[in-house]
Every structure is written in C-alpha cells, then in structure tokens.
Amino acid sequence: MAMLLPDPFDALASLQQALDAFRASDWLEAGPSGAGAYPPLNVFRKGDDYVIIAEVPGLKKSDLDIQVKDRTIRIAGTKSIDYAENAGLHRRERLAGRFDRAVSIPIEIDADKVKAEYRDGILALYLPRAEHDKPRSIKIA
Amino acid sequence: MAKSQELAVQQKKELAPKEEKTVPARYFVPSTDIYETETALTVIMEVPGVEKKDVSVQLEGDVLRVEGRIDFSKYEGMEPVYAEYNVGHYARAFTLSSKIDRDSISAELDDGVLTLTLKKSKEALPRRIAIR
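Residues numbered from 1 in each chain as written. Chains lettered and ligands numbered in written order. Predicted model: local features only at pLDDT ≥ 70, side-chain atom pairs only at ≥ 80, totals over all residues.

Looking only at helices and strands, chain B features zero helices and 10 strands. Listing the helices and strands of chain B from first to last along the sequence gives β-β-β-β-β-β-β-β-β-β. Expressed as lengths along the three principal axes of its C-alpha atoms, the size of chain B is roughly 75 × 45 × 25 Å. The burial tally for chain B puts 27% of its 132 residues in the buried class. Of all intrachain contacts in chain B linking residues separated by at least 6 positions in sequence, the fraction that spans at least 24 positions is 53%. (Helix = DSSP H or I, 4+ residues; strand = E, 2+ residues; numbered from the N terminus. Buried ≥ 20, exposed ≤ 12 C-beta atoms within 10 Å, placed from the backbone. Contact = placed C-beta atoms within 7 Å.)

If you want it as structure tokens, here you go:
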C-alpha cells in the first residue's frame, strides 16, 4: 500500500490487530487466589519491563487495592454506582460489584519497584523485570 | 445489594454505525446508564482512557452524538504479549425528545466516566395546579 503520510489512524488499526492476535495467548496464568475475571487485562512488553493495563472506569483511586508478591499480582476493589433519588431508570448497562483478581506472570519482577498509575479510568501497573532475570548475552570464546 | 455481588466482565461492544468511517480503526459503544428525574435527564457513559479534551458532545436536531477519542500514542513502543480486550475510540448517539432544554446541556468527565446532564425545558416540567 502506498503511504504518502504517516497515518495515525492506521497506527490505531495496527494496535487493534496486534491486540486481537494476542487474544488466545496463554502468557498470563490465573493466580492461586482471587479467581475473578474482572478487570480484563492487557499486558505489554516495553523494553525489558512489562506493563499491565486494565480499564476500570468509575473507580476511585481509593477503591483499588493492589498487592504484589513474587510473581503474583492481585487487583481487588469494589465499584459502586449511585443514582439520584427518585430517578426513573431508562437504561442500565453499567455494572457494579466487587472484584478480586490474581494473576501470575511468567517472569520474575522486582516487587519493590512496581509502580501503579490510575488516570481516566485506566489502571497501569509498571513491572520492572528483576535484574537477575534479564537475559544476558553470552560471548563465544 | 450491589456491594456483595461479584463484578462481571462486560465484553466491549463494537459500534455498528450507519455510515462507515473512512479510516479502518474500530470504534466501541460505551456502556451507558440513563435516568430521569423531575428536572433532568442524566446520561452516564463509561469511556476509560478518554481525556477531557478528546470528548465531543454534539446536538444535531434531535440527535445527541457523543464521541470520545483515546490517545493511543501512549501505546507507542509497547508490544502486546497478552490481551483480553481491545482498545479504540468510543461513539454513541441518542435521539432525544423535544422536552430537553437544548442550551443547558452540561458534561463532566471523572475517572473515565462521562456524565451528561440534560435539563428539561420549562414547558416539560411538572406543574402543580392549585385548587381554589
């Protein structure tokens, strides 16, 4: 395909295709506890490190409880939805409730350096790979 | 009641628009609650990842059109290894009744939730008739 200009929309289409391609990946294992499936997670590799991203719209920072132990990450919380008093509901598609999900990732991470960010309903967990787990190049003597 | 309930995963619904976009990217339909009180109609949409500057709310005739665009440049240099959901812009449109006061629609975006408040027009408000 002839490309005259770098097309930002095409970049989105490629990202969407790439995400679809990893739908069947078994990279992430279910953790030993917290069997819930919410929130849905996407995992990306960024250089040596990994980033877990989840969409949790409507949650406050304080509603989220994130724990890391060895290779297991647990994301728990409660989402509540309040309606105004005396309101007549026309449509109700948003869901509320509690969630508790634990996943094990197949790499060793540096649990002390895990960072969490929450903005605009998106939770991002930055997982630095443990120094001793990083691949080393072996020089052939 | 809702507190004790396990939160289920909602698959994101892809938008099936009347007219196609010229670009190949996929859009999604935001989960929406709509409720009505005596004075206003409130529309609440979940648009995670959308920033304030990337929301557009338009009223053309009776049709309220909401679009939220995500900034996917944040995904640059990131290589997916595992995916459970897809990302994309959001779009949804509703046909309003004529009872809405068109000039006083307000919008608020908080933690990925867009709240639109559509005030009812004066003629549509319930009036109390005093009995003499």
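The nonpolar side chains of soluble globular proteins are, as a tendency, buried together. Counting 39 residues, the largest nonpolar core has I52(A) and A54(A) as its most contacted members. At the level of secondary structure, the elements contributing two or more residues to this core comprise β2 (41-46), β3 (49-55), β5 (72-79) and β9 (122-127) of chain A together with β4 (40-46), β6 (63-70), β7 (79-83) and β10 (113-120) of chain B. With five residues, β4(B) is the largest single contributor of residues to this core. Apart from the residues within four sequence positions on either side, I52(A) is in contact with L41(A), V43(A), I73(A), L125(A) and L127(A). (Core = buried A, V, L, I, M, F, W, Y, C linked by C-beta atoms within 7 Å.)

Residues in a regular strand point their side chains to alternate faces of the sheet. All names here are of chain A. Side-chain alternation along β5 places I73, I75, G77 and K79 on a buried face and T72, R74, A76 and T78 on a face that remains uncovered. Two elements, strand β4 (residues 64-69) and β5, share six bridges in a ladder whose sense is antiparallel. Paired with D65 across the two strands is A76, which belongs to β5. Between the end of β4 and the start of β5, which pair antiparallel, lie two residues, with D70 showing a positive phi angle near 50 degrees. One ladder, built from eight bridges, connects β5 with strand β7 (residues 97-104); its direction is antiparallel. (Pairing = 2+ DSSP bridges.)

Below, the discussion takes up the interface of chain A and chain B. Each partner contributes to the interface: chain A provides 53 residues, whereas chain B provides 44 residues. Elements with a minimum of two residues in the side of chain A that touches chain B: α1 (8-21), β2, β3, β5, β6 (88-92) and β7 of chain A. At nine residues, α1(A) tops the list of elements feeding residues into the side of chain A that touches chain B. Looking at the side of chain A that touches chain B residue by residue, the classes come out as 28 nonpolar, 12 polar and 13 charged. Two elements, β2(A) and β7(B), share four bridges in a ladder whose sense is antiparallel. Each bridged residue has a counterpart across the sheet, and for N42(A) the counterpart in β7(B) is A83(B). (Nonpolar A, V, L, I, M, F, W, Y, C, P; charged D, E, K, R; others polar.)

The next thing to look at is the sheet that holds strand β8 (residues 89-95) of chain B. All names here are of chain B. Pairing is mixed in the open sheet, where five strands are placed in the order β1-β2-β8-β6-β5. The sheet is open, and its two edges are formed by β1 (13-14) and β5 (50-60), each paired on a single side. By the bridge criterion, two bridges tie strand β2 (residues 27-29) to β8 in an arrangement that is parallel. When the bridges of β8 are listed, Y27 appears paired with H89.

Moving on: the confidence of the model for chain B. Low-confidence regions, as indicated by low pLDDT, have predicted coordinates that should not be scrutinised in detail. Looking at chain B as a whole, its pLDDT mean stands at 85, while 95% of the residues score no less than 70. This prediction of the complex comes with two scores: 0.82 for pTM and 0.80 for ipTM. (pLDDT = per-residue confidence, 0-100.)

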